[in-house]
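What the coordinates show
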Amino acid sequence: MLSLRDVSVHYGQLQALRGVSVEVPQSRVVALLGANAAGKSTMLKAISGLCRISAGEIWFEGKRLDDTPCHEVVSKGIAQVPEGRRVFADMSVRDNLLMGAFSRNESEATIVGDLDEIFDLFPILKERRNGQAGFLSGGEQEMLAIGRALMARPRLLLLDEPCQGLSPMMTAEVERIIREMRARDMTIVLVEHNIKLALGVADSIYILETGRVVMQGKPDELSESDYVQRVYLAG
Ligand code: ATP
């Protein structure tokens, strides 16, 4: 569904991605793992058109994506949940969700119907639908950010560290949501520091170090590798 081929990204003199190739099959969860500054968020930004690539190609559903301006990427079926959630704090939960449907040219009835689906998936958002988004907890704001992205009806969802700063209970809830979305045929690229979460939900994992893919494989292959044991699972 999505293919990054030898992609490089520069920020001025700094090269953040160095010839990275990643394959994301339809209805699968692909996790990107790596230390700080490895280039994970840059990879998501390259997919969503928020930064331009300096070499390589990005393909989505059989078409070149890397020459698409970021405001058109959503209408192609890709939505990103940014690191740090960035909900509209002064707006209600319901209005935040409706903002996600902004680019859709559909009837109000269809969009309100989709709101009900989001409330099924996130009962807590239904409970708080008229409350101000800024008063939600971190975990609830993450649910809202995911729900808002789903309101764009994407076929590919980009999740940037959804469990950052969340309690184990909320992390488990995010894990449940990712499984549920996958069961509903969503394709997901998940950036994570939490290897246990990635091993638990991903179909395949890519490990990045200083802008390069240093390892890739299925969770059971990676969890047995010396590298992952030593760098991520020791202790
Ligand atoms: P983290 O886990 O800390 O979020 P990451 O793997 O997502 O890290 P990136 O945010 O992609 O890493 O950053 C990769 C490199 O690019 C880092 O050295 C970072 O400082 C640099 N970088 C990221 N964004 C910019 C920018 N807008 N301008 C200049 N340099 C940047």
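Residues numbered from 1 in each chain as written. Predicted model: local features only at pLDDT ≥ 70, side-chain atom pairs only at ≥ 80, totals over all residues. Heavy atoms only, no water.

Observations concerning the sheet that holds strand 9 (residues 204-209)
- In space, the 6 strands of this open sheet follow the order 6-7-8-3-9-10, with mixed pairing throughout. A strand with exactly one partner marks an edge of an open sheet, and here the two such strands are strand 6 (78-81) and strand 10 (212-217). Shown here is a sheet whose adjacent strand axes are inclined to one another by a mean of 20°, direction ignored.
- In this structure, strand 9 lies alongside strand 10, joined through 5 bridges in antiparallel fashion. Along strand 10, the bridge assignment pairs I205 with G217.
- Of the strands in this sheet, strand 6 and strand 7 (156-160) touch helix 6 (residues 138-150), which is tilted by about 170° from strand 6.
- Packed on one face of the sheet, helix 10 (residues 226-233) meets strand 3 (29-34), strand 9 and strand 10 and runs near 70° to strand 9. (Pairing = 2+ DSSP bridges. Helix = DSSP H or I, 4+ residues; strand = E, 2+ residues; numbered from the N terminus. Axes fitted to C-alpha atoms, helices over the stretch in contact; angles between N-to-C directions. Contact = heavy atoms within 4.5 Å.)

A short note on the site of the ligand
- Every one of the 14 residues lining the ligand counts as a neighbour, but A37, G39, K40, S41 and T42 are closest to it.
- In the model, an oxygen atom of the ligand is placed 2.9 Å from a nitrogen or oxygen of the G39 main chain.
- Within the side chain of E161, a nitrogen or oxygen atom sits 3.3 Å from an oxygen atom of the ligand.
- Here the ligand loses 64% of its free accessible area of 640 Å² to cover by the protein chains.
- Breaking the shell around the ligand down by element, the ones donating at least two residues are strand 2 (14-24) and helix 1 (40-47).
- Tallying contributions element by element places helix 1 first for the shell around the ligand, with 3 residues.
- In the shell around the ligand, the residues fall into 6 nonpolar, 5 polar and 3 charged. (Near = heavy atom within 4 Å. Polar contact = N/O pair within 3.5 Å; in protein donor to acceptor, adjacent residues only side chain to side chain. Areas by Shrake-Rupley, 256 points an atom, 1.4 Å probe, with all protein chains shown as cover. Nonpolar A, V, L, I, M, F, W, Y, C, P; charged D, E, K, R; others polar.)

Description of helix 3 (residues 93-100)
- Within the sequence span of helix 3, burial applies to V93, N96, L97 and G100. Down the axis of helix 3, the sector holding all buried residues measures 100°, keeping them to one side.
- Residues of helix 3 that are buried sit in contact with helix 4 (108-121), helix 5 (123-127) and helix 6. (Buried < 20%, exposed > 50% of the residue type's maximum accessible area, 1.4 Å probe, protein only. Arc of directions from axis to C-beta.)

Notes on the side chain of S48
- Looking at where S48 falls in the secondary structure, it is placed in the loop between helix 1 and strand 4 (55-60).
- Looking at S48, the relative accessible area reads 9%, which means it is buried.
- There is a polar contact of 2.7 Å between the side chain of S48 and the side chain of Q80.
- Residues contacting S48, with those up to four places away along its chain left out, are C70, V73, Q80 and L158.

Digging into the pairing of strand 8 (residues 187-192)
- By the criterion of burial, strand 8 is predominantly enclosed, with 6 of the 6 residues buried.
- In strand 8, alternate side chains face the same way, and those of T187, V189 and V191 on one face and I188, L190 and E192 on the other are all buried.
- In terms of strand pairing, strand 3 meets strand 8 through 5 bridges, oriented parallel. Residue pairing across strands places A31 opposite L190, the latter belonging to strand 8.
- For strand 7 and strand 8, the ladder comprises 5 bridges, and the chain directions are parallel. Directly across from L158, in strand 8, lies its bridge partner V189.

None of this, on its own, says anything about what the molecule does.
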